[in-house]
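Inside the fold
What follows is the residue order along each chain.
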Amino acid sequence: MNFLTVIQILLFIGLVGGSFFVAIRKFKEIYDNVNKGRPEHIPSTFFFRLKSMLLIAFGQKKMFKLTFPAFLHLVIYVSFVITQIELIEIFIDGFTGNHRILYHAFEGNALEKLYVFVINFIEILSLLTFFVTILFILRRTTFKVRRFQMPELKGWPWKDALLILAFELTLIIFIFMMNSGDSALEMKEHGKDYGFLLSGLFGNMLTGLPNGALFFIEKTGWWGHLCMVMTFLVYLPYSKHLHILLAFPNTYFTRPEPKGEIHNMPAIMHEVTSMIDPSYKVPATDGEIKFGAKDVYDLSWKSLLDAYSCTECGRCTAACPANITGKKLSPRKIMMDTRDRMEDLTRGRKLHGPDFTDNKSLLGDYITKEELRACTTCNACVEECPVSINPLTIILELRRNMIMEEADSPPEWNNMFSNMENNQAPWQFSPSDRLNWANEMN
Amino acid sequence: MQYKVPVMSEMVAEGKIPDVVFWIGCAGSFDQRAQRVTIAFTKILNQLQINFAVLGTEEACTGDPARRAGNEFIFQMLAQQNVATLNNYGVKKIVCTCPHCFNIIKNEYPQLGGNYEVIHHSQYLQQLLNEGKLKVEGGVFKGKRITYHDSCYLGRANGIYEAPRDVIEALDADLVEINKCRTTGLCCGAGGAQMWKEDEPGRKRINEERTEQLMEVYPDIIAVACPYCNTMITDGVKGKEKQDDIKVVDIAELISKANSY
Ligand code: SF4
Ligand code: SF4
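Residues numbered from 1 in each chain as written. Chains lettered and ligands numbered in written order. Predicted model: local features only at pLDDT ≥ 70, side-chain atom pairs only at ≥ 80, totals over all residues. Heavy atoms only, no water.

This part takes up empty space enclosed by the protein. According to the stated counting rule, one finds 8 cavities of 30 Å³ or more in the structure shown. Here the largest cavity is characterised by a volume of approximately 140 Å³. Lining the largest cavity are 19 residues, and of these Asp 64, Pro 65, His 100, Trp 196 and Tyr 228 of chain B lie nearest its centre. The set of elements that each furnish at least two residues to the lining of the largest cavity consists of α2 (25-30), α4 (64-69) and α6 (99-108) of chain B. In terms of residue class, the lining of the largest cavity is built from 12 nonpolar, 5 polar and 2 charged. When residues of the lining of the largest cavity are sorted by domain, at least three fall in each of domain 1 (8-126) and domain 2 (136-258) of chain B. Size it by volume and the second largest cavity reaches roughly 110 Å³. Taken together, Phe 80, Gln 84, Ile 164, Phe 167, Glu 168, Leu 171, Met 228, Val 229 and Phe 232 of chain A make up the full set of residues lining the second largest cavity. Only α3 (67-96), α6 (156-190) and α8 (211-235) of chain A provide two or more residues apiece to the lining of the second largest cavity. Of the residues assigned to the lining of the second largest cavity, the class counts are 7 nonpolar, 1 polar and 1 charged. (1 Å grid on protein atoms, 1.4 Å probe; cavity = no way out; pocket = protein on both sides within 12 Å on 5 of 7 lines; lining within 4 Å. Points joined across faces, edges and corners; volume = space filled by probe spheres on them. Helix = DSSP H or I, 4+ residues; strand = E, 2+ residues; numbered from the N terminus. Nonpolar A, V, L, I, M, F, W, Y, C, P; charged D, E, K, R; others polar. Domains from an automatic or database assignment.)

Below you can see the structure in the form of structure tokens.
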């Protein structure tokens, strides 16, 4: 093994090791954040969970409500997954200082054909993805798709979306540099190339270049590819693209209840029962009872996982009746605010220690009461979400806090509450008149 | 036919047990428009000689608007009172003309100890049609264009999309679907206690938007299955000054009218 190979192996180990270290630290942070949420039992069977995950995350069932974007997204998704197969060889080569170790191991036997087939598959998909990515960039920048033009996407989310598309393009260019340069070299040295369709073609055009240049192209492609993948790994947990991983657990834990059902509040249930029946013994509860959610960690862990899983696609917001008619409420913003709040708190804790507070809260400082009041609880957002996110649960928990802890409700609602309390109806009618309609039967 | 409204307490006093309780709901009891739907459905029950009862003055609001507005205390007070009443009478089966009552009794009362078979009147009518007990005489609606507005608390909330459509299709009319129907149906704007307050500031009201969507297919009738949708869409149609051309009608009224009950 020569000196250069040793340096390369060390560089490789440093790059991969360092990236994994940084990424895993961040993933752990996210895991801890989700675990800080309130407990919630999700009453579903293993079979239901598996089915939800396979259909919704793996099968992208919900995406196909909009066929064209679903198809484009599918191309990128499949290509992303398949391209990783090539990484296996890159990793082995990187760790051992070899070059195309799998090809050479398979050369001459039946597996060679399979190898070439896989690479061809990757290359054709990559080329397709190249064009799809350009379409996606145009869709974000030139075609005015309403759900990509909303205020909550200004700034970082906007850059995030474009950055990742730029990553994608660069990655594909590197893949082709790597394979084409290599094919050309192989051609010149052995008189025949690997048999890759696309990169063989490109390689053929490059054979006029000196071997040194080809070597440079190949190595740039190889290292470039690796660097992009590692950058992506480190970048992922800071981005909406985290959904490529979290879509799986999040759909696995899809809530099985009918969408119309909202969660009971046992503490209040017991309290009211004991008011009605003084002999009723209220079961002991541990810790202080807070009504609803004022801040992120008052939400259930599932809501927090929801927030980290959000793709920022805006399908929820595009279906939201309040948003469509120009109200401030946007269910996508609810999810983004929840995640941003957790991230802000995490940053604060890192700088100022575990007891960090900033006198802010999700309710009020991130999500305004006007937004909360606008929700009709119609479930359109829940229905549309391609990764089983439920913005409505968060809205309702915040509303509970706003109404019961802060006693901040619009005057019309206060009227409604007192009617319900006094007349057992939301309007001011006497309970004794409930059956008056019957007088008009005949 | 002399229509009767049997009341639970009186029936029990006479030693009779109804097969099903008709849960009227606050809108059905007090709102003038919704009262017409209550009456229409009661007439159907009478005509089919169904052994039913109403709770009368013992019924209280289910607590839905309070719970969805965020006031759990008021919800719990009303809901526990209702559960006590229903359990006291040993009620097994409930039919509701209001999707909000239907949803909350079916999905949220069990946690409070209230376990009943709960169905919405669209499902009940569908069953009666399928069993051949309910026969619909055509005629009145012949050639009319009817579109159906999905109520959130039937559709997305509980997955009931076909029952109301089956009821409409039993009539001699054309059911025309709008673009945004079933899972993509837009809310009328009343849910989540919005019924009791003004819309938040915005470009337009939700019911206006929804009415425009419904008017795209030039219906003669907009069929609804919820008293709040009924109010909201009726207001929307009035806002467009189309109340003479387009009627907003509950599916129970369609049936009772078709059969001239
Ligand atoms: S449930 Fe609320 S936030 Fe979700 S779509 Fe309906 S109105 Fe919008
Ligand atoms: S909540 Fe779901 S639908 Fe809404 S932006 Fe996030 S991923 Fe898209």
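This brings us to the packing of aromatic side chains. Evaluation of the coordinates by the stated rule reveals 26 aromatic pairs over all chains. Between Tyr 115 of chain A and Phe 196 of chain A the ring centres are 6.4 Å apart and the planes differ by 40°, which places this aromatic pair in the tilted class. You can see Tyr 115 of chain A sitting in helix α5 (residues 110-141) and its partner Phe 196 of chain A sitting in the loop between α6 and α7 (197-206), a full 81 residues away along the chain. Like Phe 196 of chain A, Tyr 115 of chain A is buried. Judged by centre distance (5.5 Å) and plane angle (65°), the rings of Trp 196 of chain B and Tyr 228 of chain B are edge-to-face. With Trp 196 of chain B in the loop between β6 (174-175) and α10 (206-215) and Tyr 228 of chain B in helix α11 (residues 227-239), this pair connects stretches of sequence that are 32 residues apart. (Phe/Tyr/Trp six-rings, centres within 6.5 Å; stacked < 30°, edge-to-face > 60°. Buried < 20%, exposed > 50% of the residue type's maximum accessible area, 1.4 Å probe, protein only.)

Residue and element names in this part refer to chain A. In this model, the largest pocket occupies a volume close to 1,100 Å³. In this structure, the largest pocket is lined by 44 residues; those nearest its centre are His 73, Tyr 77, His 241, His 243 and Ile 244. Counting residues per element, the ones that place at least two in the lining of the largest pocket are α2 (46-58), α3, α5, α6, α8 and α9 (243-252). Take the lining of the largest pocket: its biggest share by element is 10 residues, from α3. The residue inventory of the lining of the largest pocket, partitioned by class, reads 30 nonpolar, 6 polar and 8 charged. Inspection of the lining of the largest pocket shows a minimum of three residues originating in each of domain 1 (3-35 + 66-239) and domain 2 (40-62 + 257-270 + 289-409). Quantified by volume, the second largest pocket comes out at close to 800 Å³. Within the residue set of the lining of the second largest pocket, elements represented by two or more residues are α10 (266-276) and α18 (391-405).

All names here are of chain A. Counting buried residues in helix α11 (residues 301-309) gives 9 out of 9 residues, a clear majority hidden from the surface. Every buried residue of α11 is accounted for by Trp 301, Lys 302, Ser 303, Leu 304, Leu 305, Asp 306, Ala 307, Tyr 308 and Ser 309. The inward-facing, buried residues of α11 contact α1 (3-35), α9, α14 (331-352) and α18. Near the N-terminus of α11, the side chain that reaches the backbone nitrogen of Lys 302, with its oxygen 3.0 Å away, is that of Ser 300. (Contact = heavy atoms within 4.5 Å. Polar contact = N/O pair within 3.5 Å; in protein donor to acceptor, adjacent residues only side chain to side chain.)

All right, on to the interface of chain B and chain A then. Taken together, the contact between chain B and chain A spans 73 residues of the former and 64 residues of the latter. Across the chain B to chain A interface the summed buried area is about 5,900 Å²; carbon plus sulfur atoms make up 64%. The largest share of the area that chain B buries against chain A comes from Phe 30, Phe 73 and Trp 196 of chain B, three residues that together contribute 13% of it. Scanning the region where chain B abuts chain A turns up 5 salt bridges. Arg 434 of chain A is the salt-bridge partner of Glu 59 of chain B, the closest N and O atoms lying 3.4 Å from each other. Here chain B is connected to chain A by 33 residue pairs in polar contact (both at pLDDT 80 or more). The set of elements that each furnish at least two residues to the side of chain B that touches chain A consists of α2, α3 (32-47), α4, α5 (72-88), α6, α8 (155-158) and α10 of chain B. Among the elements that make up the side of chain B that touches chain A, the one with the highest residue count is α5 of chain B (8 residues). In the side of chain B that touches chain A, the residues fall into 31 nonpolar, 26 polar and 16 charged. (Buried area = accessible area lost by both parts, 1.4 Å probe. Salt bridge = Lys/Arg side-chain N within 4 Å of Asp/Glu carboxyl O.)

All names here are of chain A. Looking at ligand 1, there are 13 residues lining it, with Cys 320, Cys 375, Thr 376, Cys 378 and Cys 381 nearest. Only α17 (380-384) and α18 provide two or more residues apiece to the shell around ligand 1. Looking at the shell around ligand 1, its residues break down into 10 nonpolar, 3 polar and no charged. (Near = heavy atom within 4 Å.)

Frequently, the measure chosen for interface size is the accessible area that the parts lose on association. Residue and element names in this part refer to chain A. Domain boundaries assigned for chain A yield domain 1 (3-35 + 66-239) and domain 2 (40-62 + 257-270 + 289-409). Measuring from the centre of the C-alpha atoms in domain 1 to the corresponding centre in domain 2 gives 35 Å. Every contact between the two is made by 17 residues of domain 1 and, on the other side, 24 residues of domain 2. Note on domain 1 versus domain 2: buried area summed over both sides is about 1,800 Å², and carbon and sulfur give 47% of it. Contact with domain 2 buries surface across domain 1, with Asn 33, Val 34 and Glu 152 losing the most and accounting together for 35% of the total. Summed over the shared surface of domain 1 and domain 2, the number is 3 salt bridges. In this structure, the salt-bridge partner of Lys 350 is Glu 29, at a minimum N-O distance of 3.2 Å. Applying the counting criterion to the domain 1 and domain 2 interface returns 13 residue pairs in polar contact (both at pLDDT 80 or more). Sort the elements by how many residues they give to the side of domain 1 that touches domain 2 and α1 lands first, with 5 residues. For the side of domain 1 that touches domain 2, a count of residues per class yields 10 nonpolar, 2 polar and 5 charged.

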